[in-house]
Amino acid sequence: MSERFRGYLGLARQFVKPNGHRLAVIEGNQDCNRDCSYCEVPYHYNPDTELTVGQTQNAIDWLYSRGYRVLSYLGGEPFAPFKTKEGISFTRHTLEVVEHAKRKGMLVNVTTNGDYLSSGRPEQMEELEAVGLDSLTLTLHSYTRAGLRHLIEVGQAAAEHRIIPTIQTIMTRDTSYKIPTIAVRAAKNGVLFRTGIVQTQGDGFSRKQNARVIPGVELQNYVFDFLRRLKRYGFVINNMNYLRHAPEHYPNSWICDPDQDPFVKIGAGGKVNVCSGVETGMQIGDFMTFDDDEWRDRKRRGVAGCKGCMFHCYYEAEHPDVFGDIPLAIVSLAIRSGRHALVKRWGQKASERVIRAMPGFYWGFESILPT
Ligand code: SF4
Ligand code: SF4
């Protein structure tokens, strides 16, 4: 059996079994060209402690041997025109990391703000396709027509190279009303959509700020109701559990189960952390398996001291919904097998049906985003 096939079999196993090891997050070079109001990541950038390519590859081997088959690779900005401490570009570092994880048989996503990707530079997607990247998440930070158009064009270029593109938004009180329009615009162009409620704890991808930025329960239900409909056609990555239950945890008060490890995060210096916010002080090499008592004690203590969150990736890893994700899997496989034109037609049909069913949700592109 090939390494790749074994990897996908392992992935399916982790998603159906209780306590599966479902999502590994590696935070690569944390420097970024942006300074988003809800993110602290670039403030933690210290080139001395960033992992080299070789150390990141070791981390991937370590995660793989412990059952993790999905890798989410984050920055900073993984394609920023900066140099790592090894003197290579962030892009080269990202490509080598992806290539290694793919050789092991993992499913790999890279998240980017898209500022340095362009549909007019086909060599960028050719390189990502050549290393086997499965999916590219393009986070929208400029809520303008030009900002969204740029990411959709990059997403389409990715899909033409069999890479699954997703537009991701941060859901705040201000952006929530725009989400149905953005999701529809993405689907009509054969691009998937995902959102996550803004976090205010003050760590990693959340900056300490007034909790008033978190959309209220009514607003969350309004957006998620819409996304559940679009998800039935396969264009929304968030799982149904998140879309149904996130509002119950307003304002970001979900507490993960410290006795399971569906997700884990590797940070600078090779630290093995619970998530982007809670560190354990342990490193790769400090323990052999997740049955280790020291790991479990530290994780329990870390989670006990946490006020909670609503990070979609962690929540969804702990609460998978395999059946609800079947339409998404079909659309994703269609893109991976080079049928983006078909996916785009399907996205147009899906959008029309959802808009017809919920006319009040859609105000039109022109009125909702400035140029
Ligand atoms: S959210 Fe992303 S683009 Fe914005 S500052 Fe953080 S790492 Fe950079
Ligand atoms: S609830 Fe769990 S995943 Fe969320 S911030 Fe706390 S420790 Fe991290």
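The rules behind the values
Residues numbered from 1 in each chain as written. Chains lettered and ligands numbered in written order. Predicted model: local features only at pLDDT ≥ 70, side-chain atom pairs only at ≥ 80, totals over all residues. Helix = DSSP H or I, 4+ residues; strand = E, 2+ residues; numbered from the N terminus. Rg over C-alpha atoms; globule rule 2.2 N^0.38 Å. Buried ≥ 20, exposed ≤ 12 C-beta atoms within 10 Å, placed from the backbone. Contact = placed C-beta atoms within 7 Å. UniProt positions renumbered as here; feature names shortened; annotations may be inferred. Near = placed C-beta within 6 Å. Nonpolar A, V, L, I, M, F, W, Y, C, P; charged D, E, K, R; others polar. Axes fitted to C-alpha atoms, helices over the stretch in contact; angles between N-to-C directions. Parallel < 35°, antiparallel > 145°, perpendicular 65-115°, else oblique. Left-handed = near helix turned anticlockwise from the far one by under 90°. Pairing = 2+ DSSP bridges. Right-handed = clockwise from strand over helix to strand, strands pointing away. Core = buried A, V, L, I, M, F, W, Y, C linked by C-beta atoms within 7 Å. Expected span 1.5 Å × (residues − 1). Arc of directions from axis to C-beta.

### Thoughts on the overall build of the protein
Across its full length, the protein carries 13 helices and nine strands. Compactness check: the protein gives a C-alpha radius of gyration of 19 Å against a globular reference of 21 Å for 371 residues, within 12% of the reference. Summarising its shape, the C-alpha atoms of the protein cover approximately 55 × 45 × 40 Å along the three principal directions. The buried share among the 371 residues of the protein stands at 46%. Partitioning the intrachain contacts of the protein with sequence separation of at least 6 by distance along the chain shows that 78% fall at a separation of at least 24.

### Some words on the UniProt feature "domain: Radical SAM core" (unreviewed entry) in the protein
The positions UniProt marks with the feature "domain: Radical SAM core" (unreviewed entry) are residues 18-241. Structurally, residues 18-241 is divided into 36% helix and 16% strand, and its ends, taken at the C-alpha atoms, are 16 Å apart.

### Let's talk about the site of ligand 1
Around ligand 1 there are 13 residues in total, and Cys32, Arg34, Cys36, Cys39 and Asn113 lie nearest to it. A class-by-class count of the residues in the shell around ligand 1 yields five nonpolar, five polar and three charged.

### Side note on the packing of helix H6 (residues 179-188) against helix H7 (residues 217-231)
Running from amino to carboxyl end, H6 crosses H7 at an angle of 15°, the nearest separation of the two axes being 10 Å. By the angle between their directions, the pair H6 and H7 is classed as roughly parallel. Crossing handedness for the pair H6 and H7: right-handed. For the pair H6 and H7, the contacting residues are Ile179, Pro180, Ala183 and Ala187 in the first and Val223, Phe226, Leu227 and Leu230 in the second.

### A short note on the pairing of strand S5 (residues 164-171)
Among the eight residues in S5, eight count as buried, and that is most of the element. By the alternation rule, side chains of S5 split into Ile164, Thr166, Gln168 and Ile170 and Pro165, Ile167, Thr169 and Met171, which are all buried. With six bridges joining them, strand S4 (residues 135-140) and S5 adopt parallel strand pairing. Counterpart to threonine 139 in the pairing with S5 is glutamine 168. Each parallel crossover has a hand, and for S4 linked through helix H5 (residues 145-160) to S5 it is right-handed. Judged from the six bridges that link them, S5 and strand S6 (residues 192-197) form a sheet pairing that is parallel. Looking at the pairing, threonine 166 lines up with leucine 192 of S6.

### Concerning the nonpolar core
Residues Ala24, Leu71, Ile167, Ala183, Ala186, Phe193 and Leu230 are the most contacted members of the largest nonpolar core, which totals 93 residues. Ranked by residue count, the leading element in this core is H5, at seven residues. Look past the residues within four positions of phenylalanine 193 in its chain and what remains in contact with it is Thr166, Ile167, Ala183, Ala186, Ala187, Phe235, Val236 and Ile237.

### What to know about the site of ligand 2
Surveying the vicinity of ligand 2 reveals the residues Ile255, Cys256, Val274, Cys275, Gly277, Val278, Val303, Cys306, Gly308, Cys309, Phe311 and Tyr314. Tallied by class, residues from the shell around ligand 2 come to ten nonpolar, two polar and no charged.

### A short note on helix H12 (residues 340-357)
Three or four residues apart is the spacing at which side chains of an α-helix point the same way, because the helix has 3.6 residues per turn. Taking 1.5 Å of rise per residue, the 18 residues of H12 would be expected to cover 26 Å, and the 25 Å separating its terminal C-alpha atoms lies within 8% of that figure. What H12 keeps buried is the set His340, Val343, Trp346, Gly347, Ala350, Ser351 and Val354. Seen from one end, H12 has its buried residues packed into an arc of 140°, which puts them on one side. The exposed residues of H12 that point more than 90 degrees off its buried face are Ala341, Glu352 and Arg356. Those residues of H12 that are buried lie in contact with H5, H6, H7 and helix H11 (326-336).

### What about unusual backbone geometry?
Across the junction of glycine 75 and glycine 76, the peptide omega takes the value 15°, indicating a cis bond. Along the chain, the position of glycine 76 falls in the loop between strand S2 (70-74) and helix H3 (90-104). Residues tyrosine 250 and proline 251 are joined by a peptide bond in cis, for which omega reads -5°. Mapped onto the fold, proline 251 is located in the loop between helix H8 (240-245) and strand S7 (263-266). If you check the backbone angles, asparagine 19 has positive phi at about 65° while not being a glycine. Assessed through the 14 C-beta atoms surrounding it within 10 Å, asparagine 19 is described here as partly exposed. Not every positive phi belongs to a glycine, and asparagine 252 is a case in point at roughly 60°. Its place among the elements puts asparagine 252 in the loop between H8 and S7.

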